[in-house]
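In case you want the letters, here they are:
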Amino acid sequence: MQLPDHGLDPSAIRGSWSAATRDDVDWRGGRGWSLVYDSPDWHQQLVDEASALFAHENALSASAFPSVQQFESETIAMVASVIAPESEAFGVFTSGGTESIMVALKGYRDLPGNETRRRLVMPVTAHPGFWKAADYLGFTVELVPVGPDGLPAPADVLAAVDDRTAAVCLSAPCFPFGVVDPIAEIAGHLAGTGVGVHVDAAMGGLFLPFLDAAGVEPPQFGLDVPGVISVSVDMHKYGYGMKGASVLLFANPELRHASYYVSTGWPGGAYAASGVIGTRPVGPAAAAWTALSALGRSGYRELVAQVMTTARTLQAGLAANGLEVIGTPPMGVFAATSAGPSIPAIAGALGERGWWIDTQEDPPSLHVVTFPRHGEVAEQFLGDVAWAVGKASADDAPHSAGASYGVMVRGGSIDDQVLREHLDERFTVPD
Ligand SMILES: Cc1ncc(COP(=O)(O)O)c(C=O)c1O
């Protein structure tokens, strides 16, 4: 592949765009069970409009573009009004769940007094973004096992904490099983000890608080919980904004200051950054602000009620086909194991019918993230599950899924080298 000598015709370019999407997941048709958090068409269009309108403005400089200050600060304030209504919150806007984790942990690392605290304690279900951030920032990670319900015992987490621990990292909910860690029990013991508690509410931040709309008592996870010192919430998940948007809230201004990177002495002038990324568009902040403003509490409640109705239908239908949901997930995010046919065989058969469903390793399970659009396809999906289970019963495929998060490498053993080669492939021009 070479740079063309002369630019191509726009119609040829547009043709190539649609050709490029040939094998993409048909999320608009409700075929994906992860990755795209769809929303009603009117909402999606408004968010797309905001994102496109602010695609070129550079969020690096709020001096040049005061619009970004307005969108980010008001987004932070609106999110805080939901997940920290009784507390003071000091927020930053980031590009996503991983960057929020990275920035939060930088805060814990650089907080004055934390110089000798270089350990993090977390259940094994915490997102790998924590492991990555620990690697980048020089922390060691102490993993705590979880039980068959996907939850750690609070006593095990607390026993792993020592005077070198900077923070305990918990999830609301964790990605693999969709269950919410026992946050209040753990954080309550750590309040005032100098050990921070970060809650990763990437998925649940704008879903869990509205669960009463589906007749479920919302679990507590935000800054109002004693001992919780920071919490992250993704706007590009159940916030229904555009990708590239997350809110990170700190309980005190000192931790927010420690999370910043600032320097002076560069010939170009002083530098101050609240996140990892430099130049980025204002679009995701404009879209996040738009999503919150356009949906309001009533809009989020409606979507939660809709998703939970679908999730209950799915869980009952999966159970009827011999698949068992792990633990008691309060949201529409859950995993299901199979006592019968192998999970990879079931997932493979579902793939033949055009469904994109993630599989997990430990235990082998299908992973489901329920989106609003799934209400329209739930019955069709369950019909295909019945067919897939029947087909897989005739298959003696091993139970190990050979699958990994965000990367689909099915049917082989996975080690670090396989994963590196998978990434190499991503940057290789396809045949
Ligand atoms: C619980 C949780 N935390 C963090 C992340 C990472 O978020 P991102 O992919 O936006 O960086 C995810 C992504 O799915 C998640 O589910």
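Not measured: the values here are computed from a predicted model.

1. A look at the overall build of the protein chain
Thinking step 1. What the protein chain contains, in helices and strands, is 12 helices and 13 strands.
Thinking step 2. A compact globule built from 431 residues should have a C-alpha radius of gyration of about 22 Å, and the protein chain, at 22 Å, falls within 12% of that.
Thinking step 3. Across its three principal directions, the C-alpha atoms of the protein chain cover 65 × 65 × 45 Å.
Thinking step 4. In the protein chain, the proportion of contacts linking residues at least 24 apart, taken out of those at least 6 apart, comes to 73%.

2. Brief notes about the site of the ligand
Thinking step 1. In the vicinity of the ligand there are 13 residues, among which Gly97, Thr98, Asp200, His236 and Lys237 approach most closely.
Thinking step 2. Side-chain polar atom of threonine 98 to an oxygen atom of the ligand: 2.5 Å apart, as the coordinates give it.
Thinking step 3. Burial of the ligand by the surrounding chains reaches 85%, relative to a free accessible area of 390 Å².
Thinking step 4. For the shell around the ligand, a count of residues per class yields 5 nonpolar, 5 polar and 3 charged.

3. Looking at unusual backbone geometry
Thinking step 1. For the bond running from alanine 172 to proline 173, omega is -5°, close enough to zero to count as cis.
Thinking step 2. Residue placement: proline 173 occurs in the loop between strand E4 (165-171) and helix H7 (183-190).
Thinking step 3. Across the junction of aspartate 362 and proline 363, the peptide omega takes the value 0°, indicating a cis bond.
Thinking step 4. Tracing the backbone through its elements, the reader meets proline 363 in the loop between strand E12 (358-360) and strand E13 (365-369).
Thinking step 5. A positive phi angle, near 80°, is found at leucine 35, a position not held by glycine.
Thinking step 6. Counting through the fold element by element, leucine 35 comes out in the loop between helix H1 (10-20) and helix H2 (41-53).

4. Regarding the packing of helix H3 (residues 66-83) against helix H9 (residues 283-320)
Thinking step 1. With their axes 8 Å apart at the nearest point, H3 and H9 run at an angle of 40° to one another. One element, H3, and the other, H9, form an angle in the oblique class. Taken as a pair, H3 and H9 cross one another with a handedness that is left-handed. Two secondary-structure elements touch here, H3 through Val68, Gln70, Phe71, Glu72, Glu74, Thr75, Met78, Val79, Ser81 and Val82 and H9 through Ala285, Ala286, Ala288, Trp289, Leu292, Ser293 and Arg297.
Thinking step 2. Among the residues making up the contact of H3 with H9, the classes are represented as 10 nonpolar, 4 polar and 3 charged.

5. Overview of the environment of alanine 59
Thinking step 1. Mapped onto the elements of the fold, alanine 59 is located in the loop between H2 and H3.
Thinking step 2. Residue classification places alanine 59 among the buried residues on the basis of a relative accessible area of 9%.
Thinking step 3. Setting aside residues up to four positions removed in sequence, alanine 59 forms contacts with Val68, Glu72, Arg280, Pro281 and Val282.

6. A closer look at the pattern of salt bridges
Thinking step 1. This model, assessed by the stated rule, comprises 12 salt bridges.
Thinking step 2. The residue arginine 119 makes a salt bridge to aspartate 162 at a minimum N-O spacing of 2.9 Å. Note that arginine 119 is positioned in strand E2 (residues 119-123) and aspartate 162 in the loop between helix H6 (154-160) and E4, a separation of 43 residues in sequence.
Thinking step 3. On the basis of relative accessibility, which here comes to 8%, the residue arginine 119 falls in the buried class.

7. Overview of the packing of H9 against helix H11 (residues 378-393)
The packing of two helices is summarised by the inter-axis angle and the distance between the axes.
Thinking step 1. Two elements in contact, H9 and H11, have axes separated by 10 Å at closest approach and are oriented at 15°. In terms of their interaxial angle, H9 and H11 are classed as roughly parallel. Crossing of H9 against H11: the hand is right-handed. Only Ala378, Glu379, Phe381, Leu382 and Val385 of H11 make contact with H9, whose side of the interface consists of Thr310, Thr313, Leu314, Gly317 and Leu318.
Thinking step 2. Taken together, the residues of the contact of H9 with H11 break down into 6 nonpolar, 3 polar and 1 charged.

8. Here we look at the nonpolar core
Thinking step 1. Grouped together as the largest cluster of nonpolar side chains are 68 residues, with contacts concentrated most on Val168, Ile183, Val199, Phe221, Met235, Tyr238 and Tyr300.
Thinking step 2. Considering each element in turn, this core owes the most residues, 12 residues, to H9.
Thinking step 3. With residues up to four places along the chain from it excluded, the contact list for isoleucine 183 reads Leu170, Ser171, Ala172, Gly188, Val199, Gln220, Phe221, Val225 and Val228.
Thinking step 4. Within the second largest apolar cluster, 24 residues are counted, among which are Leu314, Leu318, Trp355 and Val368.

9. A few points about empty space enclosed by the protein
Thinking step 1. Counted under the stated rule, the structure contains 1 cavity of 30 Å³ or more.
Thinking step 2. Within this model, the largest cavity holds a volume of roughly 40 Å³.
Thinking step 3. Every residue lining the largest cavity is listed: Trp27, Gly30, Gly32, Ser34, Val36, Asp38, Phe371 and His374.

10. A closer look at the layout of surface pockets
Thinking step 1. Considered as a void within the structure, the second largest pocket measures approximately 590 Å³ in volume.
Thinking step 2. Lining the second largest pocket are 28 residues; nearest its centre among them are Ala59, Ala62, Glu72, Ser274 and Arg280.
Thinking step 3. Contributing elements (two or more residues each) for the lining of the second largest pocket: H3, strand E1 (90-94) and strand E9 (271-273).
Thinking step 4. Per-element tally for the lining of the second largest pocket: the top contributor is H3, with 5 residues.
Thinking step 5. Grouping the constituent residues of the lining of the second largest pocket by class yields 15 nonpolar, 9 polar and 4 charged.

11. Some words on the domain arrangement of the protein chain
Thinking step 1. Taken domain by domain, the protein chain holds domain 1 (49-292) and domain 2 (301-420).
Thinking step 2. Taken over C-alpha atoms, the centre of domain 1 sits 28 Å from the centre of domain 2.
Thinking step 3. Taken together, the contact pairs 23 residues of domain 1 with 26 residues of domain 2.
Thinking step 4. Overall, the association of domain 1 and domain 2 removes approximately 2000 Å² of surface from exposure, summing both partners, and the carbon and sulfur fraction of that is 71%.

Reading the values: rules and limits
Residues numbered from 1 in each chain as written. Predicted model: local features only at pLDDT ≥ 70, side-chain atom pairs only at ≥ 80, totals over all residues. Heavy atoms only, no water. Helix = DSSP H or I, 4+ residues; strand = E, 2+ residues; numbered from the N terminus. Rg over C-alpha atoms; globule rule 2.2 N^0.38 Å. Contact = heavy atoms within 4.5 Å. Near = heavy atom within 4 Å. Polar contact = N/O pair within 3.5 Å; in protein donor to acceptor, adjacent residues only side chain to side chain. Areas by Shrake-Rupley, 256 points an atom, 1.4 Å probe, with all protein chains shown as cover. Nonpolar A, V, L, I, M, F, W, Y, C, P; charged D, E, K, R; others polar. Axes fitted to C-alpha atoms, helices over the stretch in contact; angles between N-to-C directions. Parallel < 35°, antiparallel > 145°, perpendicular 65-115°, else oblique. Left-handed = near helix turned anticlockwise from the far one by under 90°. Buried < 20%, exposed > 50% of the residue type's maximum accessible area, 1.4 Å probe, protein only. Salt bridge = Lys/Arg side-chain N within 4 Å of Asp/Glu carboxyl O. Core = buried A, V, L, I, M, F, W, Y, C linked by side-chain atoms within 4.5 Å. 1 Å grid on protein atoms, 1.4 Å probe; cavity = no way out; pocket = protein on both sides within 12 Å on 5 of 7 lines; lining within 4 Å. Points joined across faces, edges and corners; volume = space filled by probe spheres on them. Domains from an automatic or database assignment. Buried area = accessible area lost by both parts, 1.4 Å probe.

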